[in-house]
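Observations on the model geometry
These are the residues of each chain, in order.
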Amino acid sequence: GGVCHFFVPCAKVIGNSGVDSDPEADGNGVDHVLDRIDKGQGGHGRRTRGAGMDVKRILDLQRAGVDAEGTLGRFAGNSALYEKYLMKFPLDGTFAKIGPALRAGEWDAALNAVHTLKGISGNLGMDRLCRACTGTAVLLRSGDHPAAEGSYGELRSAHREIIALLCPSEEE
């Protein structure tokens, strides 16, 4: 497996020195995102966030159903801490347990894994993935196993999209 690259050096990053605005912004929300993220300050006016996040990646995450702005708020604006936990996500084995458990009819194991992934994705602001997990969990709890198996496609799609953003292929 390759190394995951999410936060990369970039001319336009949010860093300890404040906000670098993109003069070529075309109304796609970059300035809005930068303004919201720049408000992450700790006590006594000191910035608590880390070295910086690549704005394009933040916007890509948002398009993939990740509430990067809200989650940075939950991390007190500390992008280094958010980065630390985002980078651990692809290493988590919870998702890999869901498909085999569903195929084997191990409903309790599937529910346990889905519920765990729901918590992880919710804490990281992965709203689309969290909603997919919630839907599958509801179906498993209600005993509608065929529908739970059918819902796995959306869950897998949401997970793959996030992994693709966090761990782009070497060719990109």
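Scroll up to find the structure.
A brief report on the enclosed structure follows. (Residues numbered from 1 in each chain as written. Predicted model: local features only at pLDDT ≥ 70, side-chain atom pairs only at ≥ 80, totals over all residues. Heavy atoms only, no water.)

The secondary structure content of the chain amounts to eight helices and two strands. Its helices and strands in sequence order give the chain the pattern β-β-α-α-α-α-α-α-α-α, from N to C terminus. About 9100 Å² of surface is accessible on the chain, with carbon and sulfur atoms providing 50% of the total. (Helix = DSSP H or I, 4+ residues; strand = E, 2+ residues; numbered from the N terminus. Areas by Shrake-Rupley, 256 points an atom, 1.4 Å probe, with all protein chains shown as cover.)

Further remarks concern the environment of Thr94. Structurally, Thr94 can be placed in helix α5 (residues 94–104). Ignoring any residue separated from it by four or fewer positions in sequence, one finds Thr94 in contact with Ala113, Thr116, Leu117 and Ile120. Side-chain polar atoms of Thr94 contact the side chain of Asp92, separated by 2.6 Å. (Contact = heavy atoms within 4.5 Å. Polar contact = N/O pair within 3.5 Å; in protein donor to acceptor, adjacent residues only side chain to side chain.)

The next subject is helix α2 (residues 55–63). For α2, the set of buried residues is Val55, Arg57, Ile58, Leu59, Asp60 and Leu61. Backbone geometry just after α2 places Gly65 at a positive phi near 90 degrees. (Buried < 20%, exposed > 50% of the residue type's maximum accessible area, 1.4 Å probe, protein only.)

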